[in-house]
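# Report on the structure
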Amino acid sequence: MLLSSSSSLGDDEVSQRLMASNLQKWRNLSSRIDLISRRDALSTRRLLHEGPDTMEELLDRHLAKKEKPPLINDDEAEYLNRRRLTSTRREALSLYRDILRATRFYTWTDSRGVLWRDVLRENARKEFEAARFETDPEIVTRLLIGGSDAVSSALDKLAEKQKEMIERKTRGEQP
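This text gives an overview of the structure that appears in the document. If you're wondering where the values come from, they're calculated on a predicted model, not measured in any experiment.

Rules used in this analysis
- Residues numbered from 1 in each chain as written.
- Predicted model: local features only at pLDDT ≥ 70, side-chain atom pairs only at ≥ 80, totals over all residues.
- Heavy atoms only, no water.
- Salt bridge = Lys/Arg side-chain N within 4 Å of Asp/Glu carboxyl O.
- Helix = DSSP H or I, 4+ residues; strand = E, 2+ residues; numbered from the N terminus.
- Buried < 20%, exposed > 50% of the residue type's maximum accessible area, 1.4 Å probe, protein only.
- Core = buried A, V, L, I, M, F, W, Y, C linked by side-chain atoms within 4.5 Å.
- Contact = heavy atoms within 4.5 Å.
- Phe/Tyr/Trp six-rings, centres within 6.5 Å; stacked < 30°, edge-to-face > 60°.

The final tally for this structure, using the stated rule, is eight salt bridges. For arginine 132, the salt bridge identified is with glutamate 129, shortest N-O distance 3.5 Å. In this structure, glutamate 138 engages arginine 142 in a salt bridge whose closest nitrogen and oxygen atoms are separated by 3.3 Å. With glutamate 138 and arginine 142 both in helix α5 (residues 137–171) and four residues apart, the pair spans about one turn of that helix. In this structure, glutamate 138 and arginine 142 share a single accessibility class: exposed.

Leu95, Ile99, Ala102, Ala124, Val140, Leu144 and Val151 together form the largest nonpolar core, which totals seven residues. For this core, the elements supplying multiple residues, two or more each, are α3 (74–103) and α5. Not counting chain neighbours up to four residues away, the residues in contact with valine 140 comprise Thr88 and Glu134.

Mapping threonine 88 onto the fold places it in helix α3. In contact with threonine 88, other than residues within four places in its own chain, are Val140 and Leu144.

Before going further, it helps to examine the packing of aromatic side chains. One pair of aromatic rings is described through two measures. These are the centre distance and the angle between the planes. The final tally for this structure, using the stated rule, is two aromatic pairs. The interplanar angle of 75° and the centroid separation of 5.1 Å between the aromatic rings of tyrosine 96 and phenylalanine 128 together place this pair among those described as edge-to-face. Taken together, the residues tyrosine 96 in helix α3 and phenylalanine 128 in helix α4 (residues 116–130) connect sequence positions 32 residues apart. With centroids separated by 5.4 Å and ring planes inclined at 55°, the aromatic side chains of tyrosine 106 and tryptophan 108 adopt a geometry described as tilted. For tyrosine 106, a relative accessible area of 13% translates into the label buried. Residue tryptophan 108 is classed as partly exposed on the basis of its relative accessible area, which comes to 41%.

And the structure:
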């Protein structure tokens, strides 16, 4: 019994020493791999204390880089510009036609005896001519939106006034 217990203790001790030596080998190997990877990493990047050489390098390193738009040649840029202008031109012509159609309903005269229809058409023509050579898309869009809003509000007011006049006629009142 004594022999068997001493041999089993010896086997346990031997296996522990074997495991300890294997563990040490793996630690040594892993530390070598770490040293190699650190050395490679240090050789490929600059250390913080070295700092940038120039102010441009500092800014390039720390500022968000602006993405450059895709390069297009002059023909493509001209085509895109024409297409954009064509769409705003179409919208402007559509608005002008809407104004002409809306002014048909203004059949009364002003204090000078001129039909309101003609006065409104003349003013619309002057405003369109004044903005004819405007190239800023933001301003053109603002003008188009403002014009369409003005036409729709003028037509709404006209419809309200005509309803009031019809109601007065049906009640027998004089306008």
